[in-house]
Amino acid sequence: MFDLVGGKSEWREVGLPMQGTGPFRYVAGQVLTPVTVTCRPDALSGDIREVLRSHPVCTVVNEDLVVQGRVRRTDLPAEDDVRVADFMQLGPATVQRREELSALVERMRDKGARTILVTTPKGELLGLVDRGDAERFLAGAISPPDISEG
């Protein structure tokens, strides 16, 4: 049983099933996937180097899961003892889960962005939108990811 104070809009934003013929406005929350790799600003570059061997990016969050920045392989210093806070990219682009999906995909195309982080209004990390997944979803080729595990 679900009890969502925000009504139909919040129901859709969290990716729960909708019935009827619409019209429905698709939103980022419907194609949200969990971010699997996060790190803290006080982590060391050597530890992050290991993580980035199998992941393209590490999202930097504080203890409240508020997004602080991101780290890509190209950001890593040569030394292994540098704190992430000293080399991370500050303030990565984020959207909220209610962001209209087709306009978001268009902006991502224009900027050449493959993914964008999704946060709460307070900046807490919820996941990310992959542009390819969003394009396929809008074209009707895929169903939204199963977010019930996250």
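Scroll up for the structure.
The rules behind these values
- Residue indices follow the written sequence of each chain, beginning from 1 at its first position.
- Note on the predicted model: pLDDT of at least 70 is required for a residue's local features to be given, and 80 or more for side-chain atom pairs to be given and counted; whole-chain, interface and lining totals, by contrast, use all residues.
- Where side-chain values are given, they derive from all heavy atoms of the structure, hydrogens and water being excluded.
- A pair is scored as a salt bridge if a Lys or Arg side-chain nitrogen falls within 4 Å of a carboxyl oxygen belonging to Asp or Glu.
- A run of H or I in DSSP becomes a helix once it reaches four residues, and a run of E becomes a strand once it reaches two; helices and strands are each numbered from the N terminus.
- Partly exposed residues are those whose accessible area sits between 20% and 50% of the maximum for their type, while under 20% is buried and over 50% is exposed, using a 1.4 Å probe and protein chains only.
- All axes are obtained by fitting lines to C-alpha atoms, using only the stretch in contact for helices, and the reported angles, taken between N-to-C directions, cover 0 to 180 degrees.
- The scheme is simple: roughly parallel for angles under 35 degrees, roughly antiparallel for over 145, roughly perpendicular for 65 to 115, oblique for anything else.
- Rotating anticlockwise by less than a right angle from the far helix to the near helix defines a left-handed crossing, while the corresponding clockwise rotation defines a right-handed one.
- In what follows, residue pairs with any heavy atoms lying within 4.5 Å of each other are defined as contacts.
- Classes in brief: Ala, Val, Leu, Ile, Met, Phe, Trp, Tyr, Cys and Pro nonpolar; Asp, Glu, Lys and Arg charged; the others, Gly included, polar.
- Polar contact is the term for a pair of N or O atoms within 3.5 Å; when the atoms are in protein, one must be able to donate a hydrogen and the other to accept it, and sequence-neighboring residues count only if both atoms are side-chain atoms.
- Points on a 1 Å grid over protein atoms alone make up a cavity when a 1.4 Å probe fits among them but cannot get out, and a pocket when they form an open set with protein on both sides within 12 Å along at least five of seven lines; lining residues each have an atom within 4 Å of a point.
- Grid points are joined across faces, edges and corners, and a volume is the space filled by probe spheres set on the points.

In the structure shown here, the tally under the stated rule is 7 salt bridges. A salt bridge links aspartate 80 to arginine 49, with the nearest nitrogen and oxygen atoms 3.0 Å apart. Note that aspartate 80 is positioned in the loop between strand S3 (67-72) and strand S4 (89-90) and arginine 49 in helix H2 (residues 45-51), a separation of 31 residues in sequence. The class for aspartate 80 is partly exposed, based on a relative accessible area of 46%. What you see here is one network of salt bridges that share partners, running through Glu106, Arg109, Arg131 and Glu135.

Bringing the packing of helix H3 (residues 101-111) against helix H4 (residues 131-138) into the picture now. For the pair H3 and H4, the least separation of the axes is 10 Å and the interaxial angle reads 135 degrees. Here H4 runs oblique to H3, going by the angle between their axes. The handedness of the crossing between H3 and H4 comes out as left-handed. Facing Leu101, Ser102, Val105, Met108 and Arg109 of H3, the residues of H4 in contact are Arg131, Ala134, Glu135, Phe137 and Leu138. Taken together, the residues that form the contact of H3 with H4 break down as 6 nonpolar, 1 polar and 3 charged.

This part takes up unusual backbone geometry. Positive phi, normally seen in glycine, also occurs at leucine 65, with a value near 65 degrees. Within the fold, leucine 65 resides in the loop between strand S2 (57-61) and S3. For leucine 65, a relative accessible area of 41% translates into the label partly exposed.

Listed as buried for H4 are Arg131, Gly132, Ala134 and Phe137. The secondary structure elements touched by the buried residues of H4 are H3 and strand S7 (125-130). One side-chain oxygen of the residue at the start of H4 lies 3.0 Å from the amide nitrogen of glycine 132, identifying that residue as aspartate 130.

On to the layout of surface pockets. Roughly 690 Å³ of volume is contained in the largest pocket. Taken together, 25 residues line the largest pocket, and the ones lying closest to its centre are Val57, Arg70, Arg72, Thr115 and Ile116. For the lining of the largest pocket, the secondary-structure elements that each account for two or more residues are S2, S3, H3, strand S6 (115-119) and S7. It is H3 that provides the largest number of residues to the lining of the largest pocket, a total of 4 residues. Considering only residue class, the lining of the largest pocket consists of 12 nonpolar, 6 polar and 7 charged.

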